[in-house]
Amino acid sequence: MTTATSPRQGTGSRDARRSRSSRPPGAAREERAGWLLTLPFLLLFGIFTAWPVIQSVFFSVTDITNRDLRTPFQVNFVAFEQYAKAFGDPVFRQAALNTAYFVLVGVPLTMTVALAAAVALNTGITRFRSVYRLGFYTPVITSIVAVAVVWRFLLHPDSGLVNTVLGWVGIDGPNWLGSTTWAMPSLIAMAVWRNFGTAMIIFLAGLQSVPQQLHEAAAIDGANAWQRFRNVTVPILRPTILFVSVTTAIGYLQFFEEPFVMTQGGPLNSTISASMYTYQQFSFGNYGYAAALSYLIFVVIAIVTALQFRFLSEKED
Amino acid sequence: MTGAGNRSRWWLYLLLTVALLVVVTPFIWMVLGSFKSNAELRQVPPTWWPENPTLENFGQLFSRLSFGTYFRNSTVVAVVVTVGNLLFCSMVGYALAMLRFRGKRLIFALILGTLMIPGVVTFVPLFVLVANLGLVDTLPGLFLPFLVGPFGVFLMRQFVLGLPKDLVEAARIDGAGEFRIFFQVILPLLTPALATLGILTFLGSWNNFLWPLVVAQTNDTYTLPVALALYSTGQNEQQYGLLMAGATIVVLPVLVVFLIFQRRFIQGIATTGIK
């Protein structure tokens, strides 16, 4: 490589010493290097990301199944039949409702816990600060599958730790994962436990940018701790809150591993999620239907993101 | 410090400590549980410390089940994916931030556009593609789709934008070729960004579940999370000791890596916001 380019390098540097007129020196060299450096990425990205994105639109308007695996282009065009099927599918409707439940309860809960932890760590705590931060963050880095397996035992009605601890204070804990009422709250509790660390770290970074003088000025004006939090910290944190709410919601809308490992969507479909149902349809070989379902999830993600941006940035003026 | 301030601080410490215990208890219980027998794990009320600590669960994972193979698969895939991302994404990030070439705006727009698209959208056509390439149930089938990613490029580009352009100009005047400039001048300066991306990518790959679940179909290609999930939901559901040990094997390596690199790690999260 070096030998091949060395004569050109000579001209390049001579050009550089000469005038910097119309065409920048070494422009052709830069052009070539730019493309060569980008090429491997473009190839892999094109084949494994861009092409599947385009193809997923095509799949969602066909009746492709696993029998068409070898000839994915010789399938029937069915227009929006797969989408129509989704709207009439009672299991998918249940899955969509469950996902909405998970997001609407899980996202605010995660953010509240994360913000409380971040504020607590940011005020007055000097000793063991990094120990708390590390501890709160550990669930984030672990495999959700392993965590789900462990939580299944923690929530076991008889030999589980949760009901044992509840028993100490005289509460007869339910069969968490076996109950249509309690299975979803159990999954939400687990999701909050696992994910609040990410939001906490981002909030902590955001809190560092809140000027201390503003707090002091507000305190002199007689604002108490809650008023200072409400009127000084929160407005400054608004961009961070927006960012965290969007990324958390995007993650939660795709919730899949928790029900897959812990409940298999049960009992009575009470925890089946939209992503899990999509995976099920895929594994039954209904590729076209699964593609349409995944597009519906995507559209919801896009709408939720847009709404959050609008809702949270409007308040700024 | 006033008395009231000290007292509220005392409450804060108490509250944080209780919260910390709640957060880490599942892990402690998992590790302790991996040394218990099945019978003990089924005991009511549950025990905290193992009564007769045994290594049998771990022994069975590697002798009767193939956790050695799964561990190797997870490691190979995570390492290849990480190296690929570090190399290719830094190349593109540098090119997009420092070099002038036609089409670079379009490429950047394309990358930004796909940053928003969740994985669930592409997994059906991606599977059909990988199946047609004959890569189902192979390790390349597991790592090829993840060798590059829009997030890595974005991260690298932002970092390179912060480097002085004069560095490149000076190296050019000294007669260095474009590739030499990248590998010998730029790449060493990217170390902090590479560390962040490397840790995030390794972790993402190690914990990845949906794609390996779809592509790995036999014992020879299962990764740890897939093996654990499939094993825990089959007729082996009652093998509590094995499952606790299996979960420990999946979690412990990243926990150790995390504790070693935690400062860099948390920095990465704070600046990029991605887990």
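Residues numbered from 1 in each chain as written. Chains lettered and ligands numbered in written order. Predicted model: local features only at pLDDT ≥ 70, side-chain atom pairs only at ≥ 80, totals over all residues. Heavy atoms only, no water.

**Some thoughts on the overall build of chain A**
Turning to step 1, where the next piece is worked out: Looking only at helices and strands, one finds 13 helices and zero strands in chain A.
Turning to step 2, where the next piece is worked out: What you see in chain A, going N to C, is helices and strands ordered as α-α-α-α-α-α-α-α-α-α-α-α-α.
Turning to step 3, where the next piece is worked out: By the compact-globule yardstick of 20 Å for 317 residues, chain A is too spread out, its C-alpha radius of gyration being 27 Å.
Turning to step 4, where the next piece is worked out: Expressed along its principal axes, the backbone C-alpha trace of chain A runs to roughly 85 × 70 × 40 Å.
Turning to step 5, where the next piece is worked out: Looking at chain A as a whole, 53% of its 317 residues qualify as buried.
Turning to step 6, where the next piece is worked out: In chain A, of all internal contacts separated by at least 6 residues, the share reaching a separation of at least 24 is 65%.
Turning to step 7, where the next piece is worked out: With an accessible surface of roughly 14,800 Å², chain A has 63% of that area assigned to carbon and sulfur atoms.
Turning to step 8, where the next piece is worked out: Seen as two clouds, the 22 positive and the 16 negative side-chain charges of chain A have centres 13 Å apart. (Helix = DSSP H or I, 4+ residues; strand = E, 2+ residues; numbered from the N terminus. Rg over C-alpha atoms; globule rule 2.2 N^0.38 Å. Buried < 20%, exposed > 50% of the residue type's maximum accessible area, 1.4 Å probe, protein only. Contact = heavy atoms within 4.5 Å. Areas by Shrake-Rupley, 256 points an atom, 1.4 Å probe, with all protein chains shown as cover. Lys, Arg positive; Asp, Glu negative; His and termini not counted. Charge placed at Lys NZ, Arg CZ, Asp CG, Glu CD.)

**Some points on the packing of aromatic side chains**
Turning to step 1, where the next piece is worked out: On inspection of all chains with the given rule, the structure shows 37 aromatic pairs over all chains.
Turning to step 2, where the next piece is worked out: When the ring of Tyr287 of chain A is compared with that of Phe127 of chain B, the centres are 6.2 Å apart and the planes differ by 75 degrees; the resulting orientation is edge-to-face. In this pair, Tyr287 of chain A sits in helix α13 (residues 287-314) while Phe127 of chain B sits in helix α6 (residues 119-132), so the two residues belong to two different chains.
Turning to step 3, where the next piece is worked out: Judged by centre distance (5.0 Å) and plane angle (75 degrees), the ring pair of Phe182 of chain B and Phe183 of chain B falls under edge-to-face.
Turning to step 4, where the next piece is worked out: Taking the relative accessible area as the measure of exposure, Phe182 of chain B reaches 0% and is therefore buried. (Phe/Tyr/Trp six-rings, centres within 6.5 Å; stacked < 30°, edge-to-face > 60°.)

**What about the domain arrangement of chain A?**
Residues and elements named next belong to chain A.
Turning to step 1, where the next piece is worked out: Partitioning chain A into structural domains gives domain 1 (22-81) and domain 2 (89-312).
Turning to step 2, where the next piece is worked out: Every contact between the two is made by 10 residues of domain 1 and, on the other side, eight residues of domain 2.
Turning to step 3, where the next piece is worked out: Both sides of the domain 1 and domain 2 interface together cover about 660 Å² of buried area, and 65% of this is carbon and sulfur.
Turning to step 4, where the next piece is worked out: Contact with domain 2 buries area across many residues of domain 1, yet Ser60, Ile64 and Asn66 alone supply 50% of it, more than any other trio.
Turning to step 5, where the next piece is worked out: Taken together, the connections running from domain 1 to domain 2 amount to four residue pairs in polar contact (both at pLDDT 80 or more).
Turning to step 6, where the next piece is worked out: Residue classes in the side of domain 1 that touches domain 2 are distributed as five nonpolar, five polar and no charged. (Domains from an automatic or database assignment. Buried area = accessible area lost by both parts, 1.4 Å probe. Polar contact = N/O pair within 3.5 Å; in protein donor to acceptor, adjacent residues only side chain to side chain. Nonpolar A, V, L, I, M, F, W, Y, C, P; charged D, E, K, R; others polar.)

**Here we look at the UniProt feature "domain: ABC transmembrane type-1" (unreviewed entry) in chain B**
Turning to step 1, where the next piece is worked out: On the UniProt side, "domain: ABC transmembrane type-1" (unreviewed entry) is annotated at positions that read residues 71-261 of chain B here.
Turning to step 2, where the next piece is worked out: Secondary structure content for residues 71-261 of chain B is 76% helix and 0% strand, while the C-alpha to C-alpha distance between its ends is 21 Å. (UniProt positions renumbered as here; feature names shortened; annotations may be inferred.)

**Observations regarding the packing of helix α5 (residues 104-115) of chain B against helix α8 (residues 150-161) of chain B**
Residues and elements named next belong to chain B.
Turning to step 1, where the next piece is worked out: Two elements in contact, α5 and α8, have axes whose closest approach is 9 Å; the angle formed by their N-to-C orientations is 125 degrees. Considering their axes alone, α5 and α8 lie oblique with respect to each other. Crossing of α5 against α8: the hand is left-handed. Of the residues in α8, those in contact with Phe108, Ile111, Leu112, Thr114 and Leu115 of α5 are Pro150, Phe151, Val153, Phe154 and Arg157.
Turning to step 2, where the next piece is worked out: Taken together, the residues of the contact of α5 with α8 break down into eight nonpolar, one polar and one charged. (Axes fitted to C-alpha atoms, helices over the stretch in contact; angles between N-to-C directions. Parallel < 35°, antiparallel > 145°, perpendicular 65-115°, else oblique. Left-handed = near helix turned anticlockwise from the far one by under 90°.)

**Quick word on the interface of chain A and chain B**
Turning to step 1, where the next piece is worked out: The interface of chain A with chain B comprises 94 residues on the first partner and 100 residues on the second.
Turning to step 2, where the next piece is worked out: Counting the surface lost from both chain A and chain B, the interface buries some 8,800 Å², and carbon and sulfur atoms represent 77% of this.
Turning to step 3, where the next piece is worked out: Three residues, Glu30, Leu37 and Phe48 of chain A, lead the burial of chain A against chain B; their summed loss comes to 9% of the area buried on that side.
Turning to step 4, where the next piece is worked out: Where chain A packs against chain B, one counts four salt bridges.
Turning to step 5, where the next piece is worked out: Here Glu31 of chain A ties to Arg102 of chain B by a salt bridge, and the two come within 3.5 Å at their closest N and O atoms.
Turning to step 6, where the next piece is worked out: Along the contact surface separating chain A from chain B lie 11 residue pairs in polar contact (both at pLDDT 80 or more).
Turning to step 7, where the next piece is worked out: Here the residues of the side of chain A that touches chain B sort into 59 nonpolar, 26 polar and nine charged. (Salt bridge = Lys/Arg side-chain N within 4 Å of Asp/Glu carboxyl O.)

**Side note on the UniProt feature "transmembrane region" (unreviewed entry) in chain A**
Residue and element names in this part refer to chain A.
Turning to step 1, where the next piece is worked out: As annotated in UniProt, the feature "transmembrane region" (unreviewed entry) corresponds to residues 33-54, 100-122, 134-154, 182-205, 236-255 and 287-307 in the numbering used here.
Turning to step 2, where the next piece is worked out: For residues 182-205, helix accounts for 96% and strand for 0%, while the C-alpha atoms at its two ends are 35 Å apart.
Turning to step 3, where the next piece is worked out: Between the first and last C-alpha atoms of residues 236-255 the distance is 30 Å; the span itself is 90% helix and 0% strand.

**Quick word on the packing of helix α4 (residues 90-122) of chain A against helix α5 (residues 129-141) of chain A**
Residue and element names in this part refer to chain A.
Turning to step 1, where the next piece is worked out: With their axes 10 Å apart at the nearest point, α4 and α5 run at an angle of 165 degrees to one another. Classified by the interaxial angle, the pair formed by α4 and α5 is roughly antiparallel. For the pair α4 and α5, the crossing hand works out as left-handed. In this structure, α4 uses Ala117, Leu121 and Asn122 to contact α5, whose residues at the interface are Arg129, Tyr132, Arg133 and Phe136.
Turning to step 2, where the next piece is worked out: Per-class residue counts for the contact of α4 with α5 are four nonpolar, one polar and two charged.

**Focus: the pattern of salt bridges**
Turning to step 1, where the next piece is worked out: Considering all chains together, one arrives at six salt bridges over all chains under this definition.
Turning to step 2, where the next piece is worked out: Linking Glu30 of chain A and Arg172 of chain B is a salt bridge whose minimum nitrogen-to-oxygen distance equals 3.2 Å. Here Arg172 of chain B lies in helix α9 (residues 166-173) and Glu30 of chain A lies in helix α2 (residues 27-60), a pairing that spans two chains.
Turning to step 3, where the next piece is worked out: A residue is classified by how much of its surface remains accessible, and Arg172 of chain B, at 13% relative accessible area, is buried.
Turning to step 4, where the next piece is worked out: With a closest N to O distance of 2.7 Å, Glu178 of chain B and Arg172 of chain B form a salt bridge. Comparing Glu178 of chain B with Arg172 of chain B, the two get one shared label, buried.
Turning to step 5, where the next piece is worked out: Salt bridges here are not isolated pairs; linked through shared partners, they connect Arg29 and Glu30 of chain A together with Arg100, Glu169, Arg172 and Glu178 of chain B.

**Focus on a nonpolar patch on the surface**
All names here are of chain B.
Turning to step 1, where the next piece is worked out: Taken together, the side chains of Trp10, Trp11, Leu14, Val18 and Val22 present a nonpolar region at the surface, about 560 Å² in accessible area.
Turning to step 2, where the next piece is worked out: Within the element layout of this structure, Leu14 appears in helix α1 (residues 3-33).
Turning to step 3, where the next piece is worked out: For Leu14, a relative accessible area of 40% corresponds to the partly exposed category. (Patch = residues over 30% accessible without salt bridge, like charges linked within 9 Å, V, L, I, M, F, W, Y side chains within 5 Å.)

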